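Chain and residue survey
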Amino acid sequence: DGKILQIALNSTPNDPPTNVGNETQFHNSTSYNMEVLYVPDADRFLNVFSADNKLYYNVIGIDGNSPTNSSSAEVDSSLGNPNTQLGTDNISACYDTTNNKCFVVFHDNSDNDRAKCIVGTMTASGNNGSMTWGTPVNVTTGGGDYVYYCFDSTNDKIVVTYRNRSNNYLMARVGAISGNSITFGSELTITTENSRNTACVHDVSANKILITWENV
């Protein structure tokens, strides 16, 4: 079952972590592909994960040295997702600091293996909080997996990278968030090599996107 273990970062890098908090179970069945991000405007954490072939989430706050999480809930009942295949079914999430939105991208294995995404707004309440989600958006028209993202804070855009499942090409799309929705530009082929395990990051100083992948 999924559990949360919060560790206070008050030790030096050469020491074992100290002041380990209490374990907290955040879901009552086997959970996979956890992705967690900090939401500064709400001062909470968003935990997204897959369980029972569905996409779930919790909002987590910290009380002293222990996590306090909301009850797990489905992100959207129409979404199937992530089974146990690490990498292929990974979930990636980031925070758009300009629009104050949470962005989640994933491989939906219930809808022709499309890569999909969803945008949400977090509201803090008590020791945790809640999410208001928009409508899921297709990143790919066909199959797409090994999804990853980065937030381009200079241009206020989301960059999503993924593998095209039909030819194994590495692809990317750029999206703009408005409210709880996102609109994407055209697909860009990064390489025609057989690719997987993609990643990308935004260099704020150079205003460039660095994309990496495994050539197999």
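Scroll up to find the structure this text is about.
Predicted, not measured: the structure shown is a model, and the values here were computed from it. Each residue is numbered by its place in its chain's sequence as written, counting from 1. Only residues with pLDDT of 70 or above have their local features reported here, since the model is predicted, and side-chain atom pairs are shown and tallied only from 80 upward, although totals for entire chains, interfaces and linings are computed over all residues. Side-chain numbers come from the whole structure's heavy atoms, not from hydrogens or water.

What follows covers the pattern of salt bridges. When a carboxyl oxygen of Asp or Glu lies within 4 Å of a side-chain nitrogen of Lys or Arg, that pair is called a salt bridge. Applying the stated criterion across every chain, the model contains seven salt bridges. With a shortest N-O distance of 3.2 Å, K116 and D108 are connected by a salt bridge. Both residues of the pair, K116 and D108, count as buried. Where R165 meets D113, a salt bridge forms, and the shortest distance between an N and an O atom there is 3.5 Å. Of this pair, R165 sits in the loop between β13 (157–164) and β14 (170–178) while D113 sits in the loop between β9 (101–108) and β10 (114–125); the two residues are 52 residues apart in sequence, bridging distant segments of the chain. Note on exposure labels: buried denotes an accessible area under 20% of the residue type's maximum, exposed denotes more than 50%, and partly exposed covers the range between, all computed with a 1.4 Å probe on protein chains only. Residue R165 is classed as partly exposed on the basis of its relative accessible area of 33%. Helix numbering and strand numbering both begin at the N terminus, where a helix is a DSSP run of H or I of at least 4 residues and a strand a DSSP run of E of at least 2.

Moving on to the nonpolar core. Ranked by internal contacts, the top residues of the largest apolar core, which has 20 residues, are V39, L46, V104, M131 and W133. Of all the secondary-structure elements, those providing two or more residues to this core are β3 (32–39), β4 (44–51), β5 (54–63), β8 (92–96), β9, β10 and β11 (128–133). Residues are treated as being in contact if the distance between any of their heavy atoms lies within 4.5 Å. When sequence neighbours within four positions are dropped, the list of residues in contact with W133 reads L46, Y57, V75, V104, I118, V119, G120 and N180. C117, V147, Y149 and I182 belong to the second-largest nonpolar core, a separate cluster that totals 18 residues. Joining through side-chain atoms within 4.5 Å is the link that ties buried Ala, Val, Leu, Ile, Met, Phe, Trp, Tyr and Cys residues into a set, and such a set is a nonpolar core.

For the rest of this paragraph, the subject is the environment of S78. Position of S78 relative to the elements: it lies in the loop between β7 (73–74) and β8. Residues S78 and K54, spaced 24 residues apart in sequence, show a C-alpha to C-alpha distance of 8.8 Å. Residues within four places of S78 in sequence aside, it is in contact with S110 and P136.

Moving on to the packing of aromatic side chains. Two aromatic rings from Phe, Tyr or Trp, using only the six-membered ring of Trp, form a pair when their centres are within 6.5 Å; if the ring planes differ by under 30 degrees the pair is stacked, by over 60 it is edge-to-face, and anything between is tilted. Considering all chains together, one arrives at five aromatic pairs under this definition. When the centroid spacing of 4.8 Å and the interplanar angle of 65 degrees are considered together, the rings of F26 and F49 count as edge-to-face. Here F26, found in the loop between β2 (20–25) and β3, pairs with F49, found in strand β4; they are 23 residues apart in sequence, far enough to count as distant. On the basis of relative accessible area, F26 is assigned to the buried category, the value being 5%. With centroids separated by 5.5 Å and ring planes inclined at 75 degrees, the aromatic side chains of Y57 and W133 adopt a geometry described as edge-to-face. Note that Y57 is positioned in strand β5 and W133 in strand β11, a separation of 76 residues in sequence. Neither residue differs from the other here; Y57 and W133 are each classed as buried. One aromatic cluster in this structure is built from F26, F49 and Y56.

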